[in-house]
Amino acid sequence: MALETQALSQLFLLYSWFVLAAVLGFVLLIARFYQRFSGERTFYRWFGLPVVLYGLAAVRFASIDQVAGDPLGDLLAGAAGLSLVILIGRLYRQMTRGRGII
C-alpha cells in the first residue's frame, strides 16, 4: 500500500512539472512573438532556465519522495522561482513601458 502511494505521489509531482513547463513554454512564445514584431530584445531563450531548474527540483523531490525539506531541491526550486520572477518582471515592464499601464 505504501509503495502505491509513493509511486502515485511521484507521478503527480512529475506531472505537475509538465503542466508548469507548458505554461512557461507559452510565456516563452509570447516573449518570442514580442521580440519578432517589436524589434526589442526580450531574451526569450532564458525562459528555458526556470523550466530546467524546476525539472531538476521535481526529479530530486520525486527521487527522495519528499515535496519539501531537501536543501538541494529547495535551492533548485528557489533559484527557478527567482529567475522566473526576474524574467517575467522584465518582460512585463518591456511590453507595457510608455503605454499608460503601471
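Predicted model, so just to flag it, every value in this text is computed and none were measured.

1. Quick look at the overall build of the protein chain
On a plain count of helices and strands, the protein chain comes out with three helices and zero strands. Relative to its length of 102 residues, the protein chain is extended, with a C-alpha radius of gyration of 17 Å against a globular reference of 13 Å. Its C-alpha atoms put the protein chain at 60 × 20 × 20 Å along the principal axes. By residue count, 27% of the 102 residues in the protein chain fall in the buried class. In the protein chain, of all internal contacts separated by at least 6 residues, the share reaching a separation of at least 24 is 60%. A total of about 7,100 Å² of accessible surface is found on the protein chain, and carbon and sulfur atoms cover 72% of it. When the 9 basic and 5 acidic side-chain charges of the protein chain are each reduced to a single mean position, those positions are 25 Å apart.

2. Thoughts on the side chain of Gln94
Along the chain, Gln94 falls in helix H3 (residues 71-96). On the basis of relative accessibility, which here comes to 7%, the residue Gln94 falls in the buried class.

3. Quick word on helix H2 (residues 48-64)
The first and last C-alpha atoms of H2 sit 25 Å apart over 17 residues, in line with the 24 Å expected at 1.5 Å per residue. Those residues of H2 not exposed but buried are Pro50, Val51, Leu53, Gly55, Ala57, Ala58, Phe61 and Ala62. Of the residues flanking the end of H2, it is Asp65, one or two places downstream, whose phi is positive at about 55 degrees.

4. Structural notes on the side chain of Ser83
Note that Ser83 resides in helix H3. Classification of Ser83 as buried rests on a relative accessible area of 14%. Of the polar contacts made by the side chain of Ser83, one reaches the backbone oxygen of Ala80; its length is 2.9 Å. Not counting chain neighbours up to four residues away, the residues in contact with Ser83 comprise Leu49, Pro50 and Leu53.

5. Notes on H3
An α-helical turn contains 3.6 residues, so a residue and the one three or four places further along point in the same direction. The terminal C-alpha atoms of H3 lie 37 Å apart, and with 26 residues this matches the ideal 38 Å at 1.5 Å per residue to within 8%. Within the sequence span of H3, burial applies to Gly73, Leu76, Ala80, Gly81, Ser83, Leu84, Leu87, Leu91, Gln94 and Thr96. Taken from the residues just after H3, Gly98 is the one with a positive phi, measuring 75 degrees.

Thresholds, definitions, all that
- Residues numbered from 1 in each chain as written.
- Predicted model: local features only at pLDDT ≥ 70, side-chain atom pairs only at ≥ 80, totals over all residues.
- Heavy atoms only, no water.
- Helix = DSSP H or I, 4+ residues; strand = E, 2+ residues; numbered from the N terminus.
- Rg over C-alpha atoms; globule rule 2.2 N^0.38 Å.
- Buried < 20%, exposed > 50% of the residue type's maximum accessible area, 1.4 Å probe, protein only.
- Contact = heavy atoms within 4.5 Å.
- Areas by Shrake-Rupley, 256 points an atom, 1.4 Å probe, with all protein chains shown as cover.
- Lys, Arg positive; Asp, Glu negative; His and termini not counted.
- Charge placed at Lys NZ, Arg CZ, Asp CG, Glu CD.
- Expected span 1.5 Å × (residues − 1).
- Polar contact = N/O pair within 3.5 Å; in protein donor to acceptor, adjacent residues only side chain to side chain.

Function-wise, these values are silent; they only describe arrangement.
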